[in-house]
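Take a look at the letters that make up each chain.
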Amino acid sequence: MKNYALIGYPLSHSFSPILHGLVYKSWELPNIYLSWEVLPEELELAIPMLKRNLAGFNVTAPHKKAIIRLLDDLDFSAQLYGAVNTVKSEEGKLIGFNTDGAGFLKGLSEVDYELTNKHILLLGAGGASQTIALELAHQGCPVTIANRELSEAYALKLLLEKRFPEASVEIAQLNDIPKGSYSCIINATPVGMGSLANESPISSDYFRGVELAYDLIYNPAETLFLKEAGKMGCLTVNGLTMLIAQGLKAIEIWFEREIDTELEENIYSSIAKELYGND
Ligand code: NAP
């Protein structure tokens, strides 16, 4: 029997083993899910061993892009987002997928939010922003990307325009974003968590007229960004649904089996309880 794993470096506390454990237990599967630290310089050497020993593995920072050239094939999702977070080992071949985009979309569908023709303000230009920006461009949404480091935002704009020549992409400095008619604001920066827990990446006046504020942060459950958006009447979504949905989608890919709504809800409650206690 082959098992599953998460590879990355460093691997700080991750909810993936808990999430996978809950599904395997519910499906009465004997499989286990391991956390495996792989240094960037070890990635290429690790591939044959991963292929031999695992039926599939999740990939996290810093390997999401670097692993692409080491795989045998890429699913449409990995081609679209230019990054891999899930690998399936099938008939001696490693196939790369990306379930982050599906996770992001699940957060929107939970609140019945349609992206069509919406102007989005995306805060951050890192890995998560890349996936989201490519999905937004794929769906034809005009997007303004605001980042501290402008060169990163321009690099993302170039990538979007290369893939989607019709894409409408504006760039802004995070502390000088033009007031615009944004329908939705997405926080894909770490501002609001850890040592930045009492901060928001934008001032609350940006939420005027905004329909939805989506924070990728899931701990705390309600960041200052979401609190202020809620006060201004916006619908709010945090990152927990995205986190869980991308993990569950990986399991569905590996086992070719759908996770039913009841199990999904149980997993959501267990992880929310683990994170936030009983409140
Ligand atoms: P990343 O690749 O390291 O990118 C971080 C981004 O945040 C960069 O654009 C960076 O801007 C910006 N940033 C960092 N510190 C900042 C600060 N103090 N003030 C303003 N901007 C700052 O990280 P990532 O993987 O994209 O993750 C971004 C956030 O999304 C994190 O909070 C992460 O936990 C969350 N996330 C959640 C999920 C989920 O499933 N819910 C999935 C992925 C990520 P510069 O370029 O200027 O440094």
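Structural notes, computed from the coordinates. Since the model is a prediction, treat every value here as computed from it, not as a measurement. (Residues numbered from 1 in each chain as written. Predicted model: local features only at pLDDT ≥ 70, side-chain atom pairs only at ≥ 80, totals over all residues. Heavy atoms only, no water.)

**So, the pattern of salt bridges**
- Counted under the stated rule, the structure contains 9 salt bridges.
- Linking K118 and E211 is a salt bridge whose minimum nitrogen-to-oxygen distance equals 3.2 Å. You can see K118 sitting in the loop between α4 (100-110) and β7 (120-123) and its partner E211 sitting in the loop between β10 (184-187) and β11 (212-215), a full 93 residues away along the chain.
- Put simply, K179 and D205 hold a salt bridge, and the shortest N to O gap is 3.1 Å. A residue pair is termed long-range when its members are at least 10 positions apart, and K179 in the loop between β9 (169-173) and β10 and D205 in the loop between β10 and β11 qualify at 26 residues.
- With relative accessibility at 54%, the residue K179 sits in the exposed group.
- The network of salt bridges with common partners includes K88, E90 and E256. (Salt bridge = Lys/Arg side-chain N within 4 Å of Asp/Glu carboxyl O. Helix = DSSP H or I, 4+ residues; strand = E, 2+ residues; numbered from the N terminus. Buried < 20%, exposed > 50% of the residue type's maximum accessible area, 1.4 Å probe, protein only.)

**Comments concerning the packing of helix α8 (residues 240-255) against helix α9 (residues 261-276)**
- Relative orientation of the contacting elements α8 and α9 amounts to 130°, with a least axis distance of 11 Å. Considering the angle they form, α8 stands oblique to α9. Note on packing geometry: the crossing formed by α8 with α9 is right-handed. Counted together, L240, T241, I244 and L248 of α8 and E264, I267, Y268, I271, A272, L275 and Y276 of α9 form the full contact between these two elements.
- Across the contact of α8 with α9, the residue classes break down as 9 nonpolar, 1 polar and 1 charged. (Axes fitted to C-alpha atoms, helices over the stretch in contact; angles between N-to-C directions. Parallel < 35°, antiparallel > 145°, perpendicular 65-115°, else oblique. Left-handed = near helix turned anticlockwise from the far one by under 90°. Contact = heavy atoms within 4.5 Å. Nonpolar A, V, L, I, M, F, W, Y, C, P; charged D, E, K, R; others polar.)

**Section: the pairing of β7**
- Side chains of β7 alternate between two faces, with I120 and L122 and L121 and L123 buried alike.
- The pairing of β7 with strand β8 (residues 143-147) spans 4 bridges and is classified as parallel. Each residue of the ladder has a partner; that of L122, found in β8, is I145.
- Handedness of the crossover is the feature at issue here: the chain leaves β7, passes through helix α5 (residues 127-138), returns alongside β8, and the resulting connection is right-handed.
- In the sheet, β7 pairs with β10 via 4 bridges, with the strands oriented parallel. Note on β10: the bridge partner recorded for L122 is I186. (Pairing = 2+ DSSP bridges. Right-handed = clockwise from strand over helix to strand, strands pointing away.)

**Quick look at the packing of aromatic side chains**
- Going through the model one piece at a time under the given rule, you end up with 8 aromatic pairs.
- A centroid spacing of 6.5 Å and a plane angle of 35° characterise the contact between Y33 and W254, whose relative ring orientation is tilted. Residue Y33 is found in strand β2 (residues 33-37), and its partner W254 is found in helix α8; the two are separated by 221 residues along the sequence.
- Grouped by ring-pair contacts, the aromatic residues Y4, Y24, W27, Y33, W254 and F255 constitute a single cluster.
- One cation-aromatic arrangement involves K179 over Y206; the distance from NZ or CZ to the ring centre is 4.5 Å.
- Over the aromatic face of W27 sits the side chain of R257, whose NZ or CZ is 4.0 Å from the ring centroid. (Phe/Tyr/Trp six-rings, centres within 6.5 Å; stacked < 30°, edge-to-face > 60°. Lys NZ or Arg CZ within 6 Å of the ring centre and 35° of its normal.)

None of the figures reported here should be taken as evidence of function without further support.
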